[in-house]
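Remarks on the overall topology
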Amino acid sequence: MSETRINLEQVQHVARLARLELTEDEERHLQADLSSILTYIDKLNQLDTSAVEPTAQVGDVGTPMREDEVTNRPDPDAMLQNAPAQRRHLVVVPKIIE
Amino acid sequence: MSDLFRLTIAEARDQLARREISAVELTRSCLDRIADLERRLNAFITVCPREAMEQAEAADARLAKGAAPALCGIPLAIKDIYLTRGLRTTCASKILGNFVAPYDGTVIAKLRAAGAVFVGKANMDEFAMGSSSENSAFGPTRNPYDLRRVAGGSSGGSAAAVAADECIASLGTDTGGSIREPASFCGVVGIKPTYSRVSRFGVIAFASSLDQVGPFTKTVRDAAILLRDLAGKDTHDSTCSARPVPNYEAALTGDIKGLRIGVPREYFVSGMDREVEDAVRAALTHMKGLGAKLVEISLPHSEYAIATYYILATAEASANLARYDGIRYGLRVEADNNIDLYNRTRARGFGAEVKRRIMLGTFALSSGYYDAYYLKAQKVRTLIRQDFEKAFTQCDIIATPVAPTTAFNLGEKINDPLQMYLSDIFTISVNMAGLPGMSVPCGYDSKGMPIGLQIIGAPFSEETMLRAGDAYEGSGAIKRQRPPL
């Protein structure tokens, strides 16, 4: 049954991993939505993929390399123009370590 | 009010070159059109008349000297997913509501260098997640053919703006159909090039192995012109192909005699709108009349495409959207510790669909589920790619419907996420295989709503795809109808 495909605890665990604070209402709705989507996704188990290689990339594949040289000019004012709080070219954040 | 806004790129290019019209007049015409329609359409998040007029004046100075690039002076709308230096770039999200881009993305820089004019940033589904543009934090974009219906998504604003002649052409992005579906719903041409054909640098990332940049235009010829300026190598995007870019316009010979068109049996199934199917079949018959050959093919793993996509795309999105944490830019909800700051910023800043996809993607990648979901989906992606590789040994292009229906009503699917996802059925495999795909108008239903024909090519075969679309479009198969605006 799709309602039990993912339980509330799992929803809360995933929300912690995703750094999303959810209301109780949102948790319930997401449990229902994710359950029905995951039930639909289960159809992939109809396929035997034991001998199939995974695709990570399409298009012209490869990892082009370049010299480790700085090719742009630093512009801290531009880069920090959207910072919510800044001081002396530093982004101000809440204390992390007690 | 002058109706210069009705022009195509090809027409405007000629008239600008002959100095029959100026870039300033053309831009003014589009800006007036925007002012007239925007309250009803909501195709734009940001309109930038001052910047547009400055660009138009600079374009006129260049045009006066002669030999200007094809896009010089051409007014474009830009999906609000592209970083445009100095302009607000929101991705239709509250979390970037006041973000001003500190640099131009590569295709934006290329268009600026060519002298193009940007009239505004187009509305979209938040973070490109959606098929209707109803997931925007700035309200939905309405379909110019019927304001009670959606424009499609996620590039709904870009499609509607071109359909309504608010601009001459526009840019969108396509991850699972987000150019082709709105193009179909709004009766314009939309192209998703081969993955890696166009640089993604400066394009806010949704799913990095699926996202692709592409144009919306009024004609296939216009798309060929615009694509040439977008495509090409970029050292800032290591996935971007270094293959030389052909002159796509030169490939439009109008001749498709002997072209083998693959028709996949899995794409003509029950549940599809009858009028959509009839219009697409009529287009295929018409192309046969132009000398093409129809070949029945099979893409056996088609039914698994949506399930595969909604694991891969959401997994990649969960990683790409981790950067929106309230620290360096965007919305910040203050807290006395960093974890609460992240949790509350993201809770407040993201809309429901974005949260849903982040949750799904995070789950698919989490410990204990990675193999069952993400790895499994990557393997099924291989099977889907192989279906197309085999098909292209029997045909030159593949032709299908773009969507199972015409534009649906606002609010109709928004409360049923799975229903919304299923409307991507015909477009999604193309992104997974990395192929080029195009939507070309092929008719209207009995309510006057546009229907699109999808043409899919083998990798880097945009010339063939464009030639087929152009030949069909130019043959008078259908009479294009303007929206009643």
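Residues numbered from 1 in each chain as written. Chains lettered and ligands numbered in written order. Predicted model: local features only at pLDDT ≥ 70, side-chain atom pairs only at ≥ 80, totals over all residues.

**Some details on the overall build of chain A**
Definition in use: Helix and strand labels come from DSSP, where a helix needs a run of H or I of at least four residues and a strand needs a run of E of at least two; each type is numbered from the N terminus. The quantity called the radius of gyration is restricted to C-alpha atoms. Its globule counterpart is 2.2 Å times the number of residues to the power 0.38.
Scanning chain A for helices and strands turns up 3 helices and 2 strands. Helices and strands in chain A line up, N terminus first, as α-α-α-β-β. Taking 2.2 N^0.38 as the reference for a compact globule, 98 residues should give roughly 13 Å; the C-alpha atoms of chain A span a radius of gyration of 23 Å, well beyond that estimate. With the C-alpha coordinates aligned to their principal axes, the bounding extent of chain A is approximately 55 × 45 × 25 Å.

**What to know about the packing of helix α9 (residues 305-320) of chain B against helix α11 (residues 352-365) of chain B**
All names here are of chain B. For clarity, the threshold we go by: Axis geometry follows a simple rule: fit a line to the C-alpha atoms, using only the stretch in contact for helices, then measure angles between N-to-C directions, giving values from 0 to 180 degrees. By definition in this entry, angles of less than 35 degrees are roughly parallel, angles greater than 145 are roughly antiparallel, angles of 65 to 115 are roughly perpendicular, and the rest are oblique. Residues are scored as being in contact if the C-beta atoms we place from backbone atoms lie within 7 Å. Each residue gets one of three labels, nonpolar for Ala, Val, Leu, Ile, Met, Phe, Trp, Tyr, Cys and Pro, charged for Asp, Glu, Lys and Arg, and polar for the others, Gly among them.
In the contact formed by α9 and α11, the axes pass within 7 Å of each other and the chain directions differ by 100°. Between α9 and α11, the crossing angle belongs to the class labelled roughly perpendicular. Taken together, the residues of α11 that come into contact with α9 (itself represented by Y310, I311, T314, A315, A317 and S318) are R357, I358, L360, G361, T362, A364 and L365. The residue inventory of the contact of α9 with α11, partitioned by class, reads 8 nonpolar, 4 polar and 1 charged.

**What about unusual backbone geometry?**
Note: most residues except glycine have negative phi, and most peptide bonds are trans. Residues and elements named next belong to chain B. A cis amide bond links G153 to the next residue, S154, at an omega of 5°. Positive phi, normally seen in glycine, also occurs at S133, with a value near 65°. Here S133 shows up in the loop between β3 (117-122) and β4 (142-143).

**A few points about the environment of S35 of chain A**
Residues and elements named next belong to chain A. The condition that has to hold: Residues with at least 20 other C-beta atoms within 10 Å of their own are called buried, those with 12 or fewer are called exposed, and the rest are partly exposed. The C-beta atoms themselves are positioned from the backbone.
The topology assignment puts S35 in helix α2 (residues 24-41). Take S35: there are 19 C-beta atoms within 10 Å of it, and that puts it in the partly exposed class. The spatial distance from the C-alpha of S35 to the C-alpha of P74 is 47 Å, given a sequence separation of 39 residues.

**Concerning the environment of Y195 of chain B**
Looking at the element boundaries, Y195 of chain B is found in the loop between β7 (189-192) and β8 (212-217). C-alpha of Y195 of chain B to C-alpha of T175 of chain B: the two residues are 20 residues apart in sequence and 9.8 Å apart in space. Look past the residues within four positions of Y195 of chain B in its chain and what remains in contact with it is V58 and G59 of chain A together with Q212 and G434 of chain B.

**Details of the interface of chain A and chain B**
At the junction of the two partners, chain A supplies 41 residues and chain B supplies 56 residues. Mapped onto the side of chain A that touches chain B, the elements with two or more residues apiece are α1 (8-17), α2 and α3 (76-80) of chain A. Class assignment of the residues belonging to the side of chain A that touches chain B gives a composition of 26 nonpolar, 8 polar and 7 charged.

**Some details on the confidence of the model for chain A**
Defined as follows: One number per residue, pLDDT, summarises how confident the predictor is, and it ranges from 0 to 100.
When the pLDDT values of chain A are averaged, the result is 91; 96% of them are 70 or greater. Within chain A, α1 of chain A carries the highest mean pLDDT (97), whereas α3 of chain A carries the lowest (92).

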